[in-house]
Amino acid sequence: MIKWALIFCCIAKIAMANDARLLSSYAWSNADDNFGGFSSLHLYEDGKTFLMTTDQGLFFSGVIKRRGSEIIGVGQQKLTQIKDTKGRPVNGKKLSDSEGIAIRSNGRIYVSFERYHRVWTYRDTTSEAAWLPRHPDFKKLQNNSSLEALAIDAKGRLYALPERSGALSKPFPVYRYNGKEWDKSLSIPRRGEFLVVGADFGPDGKFYVLERHFKKPIGVYSRVRRFSLTSSGFTEEETIIASSLNQHDNLEGISVWRDDQDKIRITLVSDDNFNFIQRTELVEYIID
């Protein structure tokens, strides 16, 4: 156990020294009983305004406050119930477990759900949902491990990834939606026991994938890999963040953006699972 912890710790130091540098880790709290369970994150171009989803079928919006490069608080916090296709609040674990978010440049919102595996789309946070077609695979995904990650590329194409690949040696499928249907021609390699929990296309055009590994019963490791997308698929794989054991809580949401110094930043949020022994964190790295 100690041996593996030391190995991961060393990997983390190398990755952070050479690739992404930790800027800030902010423990975030709110007295609202519905606060927590954050599974996704979208940061708008200002690097402050955000929209998240929770495990209980809520949109959560707000503005990140910083002093210099350090996150010091969150303002303008607002919870909004995610709606179904008839404009009613989603309810029940099967329908409300929202996991991924992606937003087009025109403001249209896409949300992925697990348990009842689907992607719904919204004009805004108060609108009713509209269906996207489902790939045949979606019905066969594992109950609590399905469409964890959504991302949109510069061409407006939507990408969805399940949490599990099905085997340690099996790549993670990447489903791409072209506006009419999903294709399954893309994948990313699986490396060890890490599972996919979030994804985003950065302003550099690269594909960033957030992963986590629960080391029961002692804690969690987090990792971010990035890829280039070419006509040959996802290439030039790099690990740019590899945390040490319990360095962060259960990171599940990722947003990649460019700051006013022209640097790429990676902002992450943790899912506390509404568990008092866990914490909600906003974590931020910079690529020097």
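Everything discussed here concerns the structure shown above.
A brief report on the enclosed structure follows. (Residues numbered from 1 in each chain as written. Predicted model: local features only at pLDDT ≥ 70, side-chain atom pairs only at ≥ 80, totals over all residues. Heavy atoms only, no water.)

### Comments concerning the packing of aromatic side chains
For step 1, the next point in the chain: What the rule picks out here adds up to 21 aromatic pairs.
For step 2, the next point in the chain: Measuring from ring centre to ring centre gives 6.4 Å for Phe 50 and Phe 60, while their planes differ by 5 degrees; the resulting arrangement is stacked. One end of the pair, Phe 50, is in strand β3 (residues 49-54); the other, Phe 60, is in strand β4 (residues 58-67), with ten residues separating them in the sequence.
For step 3, the next point in the chain: Here Phe 50 falls in the buried class, since its relative accessible area comes to 1%. (Phe/Tyr/Trp six-rings, centres within 6.5 Å; stacked < 30°, edge-to-face > 60°. Helix = DSSP H or I, 4+ residues; strand = E, 2+ residues; numbered from the N terminus. Buried < 20%, exposed > 50% of the residue type's maximum accessible area, 1.4 Å probe, protein only.)

### Focus on the sheet that holds strand β18 (residues 251-258)
For step 1, the next point in the chain: Pairing is antiparallel in the open sheet, where four strands are placed in the order β1-β20-β19-β18. Looking at strand neighbours, the two that pair on one side only are β1 (20-28) and β18, the edges of this open sheet. Pairs of neighbouring strands in the sheet enclose a mean axial angle of 20 degrees, with direction left out of account. (Pairing = 2+ DSSP bridges. Axes fitted to C-alpha atoms, helices over the stretch in contact; angles between N-to-C directions.)

### As for the nonpolar core
For step 1, the next point in the chain: Tyr 208, Ile 254, Ile 266 and Leu 268 are the most contacted members of the largest nonpolar core, which has 16 residues in total.
For step 2, the next point in the chain: The set of elements that each furnish at least two residues to this core consists of β15 (207-215), β17 (233-242), β18, β19 (264-270) and β20 (280-287).
For step 3, the next point in the chain: When neighbours within four sequence positions are excluded, Leu 268 is seen to be in contact with Leu 41, Leu 210, Leu 251, Gly 253, Ile 254, Glu 281, Leu 282, Val 283 and Tyr 285. (Core = buried A, V, L, I, M, F, W, Y, C linked by side-chain atoms within 4.5 Å. Contact = heavy atoms within 4.5 Å.)

### Some points on the side chain of Glu 114
For step 1, the next point in the chain: Take Glu 114: it is sitting in the loop between β7 (109-113) and β8 (118-122).
For step 2, the next point in the chain: For the buried Glu 114, no salt bridge is present, and the opposite-charge side chain at shortest range is Arg 115, 4.9 Å distant.
For step 3, the next point in the chain: Apart from the residues lying within four places of it in its own chain, the contact partners of Glu 114 are Lys 94, Asp 97, Glu 99, Asn 143, Asn 144, Ser 145, Ser 146, Leu 147, Glu 148 and Glu 163. (Lys, Arg positive; Asp, Glu negative; His and termini not counted. Salt bridge = Lys/Arg side-chain N within 4 Å of Asp/Glu carboxyl O.)

### Side note on the pairing of β15
For step 1, the next point in the chain: With seven of nine residues buried, β15 lies mostly within the body of the structure.
For step 2, the next point in the chain: Where strand β14 (residues 195-201) folds back on β15, the antiparallel hairpin that results is connected by five residues, among which Gly 205 adopts a positive phi of roughly 85 degrees.
For step 3, the next point in the chain: In terms of strand pairing, β15 meets strand β16 (residues 219-230) through nine bridges, oriented antiparallel. Of the residues in β16, the one forming a bridge with Glu 211 is Arg 223.

### Focus on unusual backbone geometry
For step 1, the next point in the chain: Lys 216 connects to Pro 217 through a cis peptide bond whose omega is -5 degrees.
For step 2, the next point in the chain: Assignment of secondary structure puts Pro 217 in the loop between β15 and β16.
For step 3, the next point in the chain: Backbone geometry places Asp 262, a non-glycine residue, at a positive phi of 65 degrees.
For step 4, the next point in the chain: Residue class for Asp 262 comes out exposed when judged on its relative accessible area of 52%.

### Looking at the side chain of Arg 212
For step 1, the next point in the chain: The topology assignment puts Arg 212 in strand β15.
For step 2, the next point in the chain: Looking at Arg 212, its side chain comes within polar contact range of the side chain of Glu 163, at 3.1 Å. (Polar contact = N/O pair within 3.5 Å; in protein donor to acceptor, adjacent residues only side chain to side chain.)

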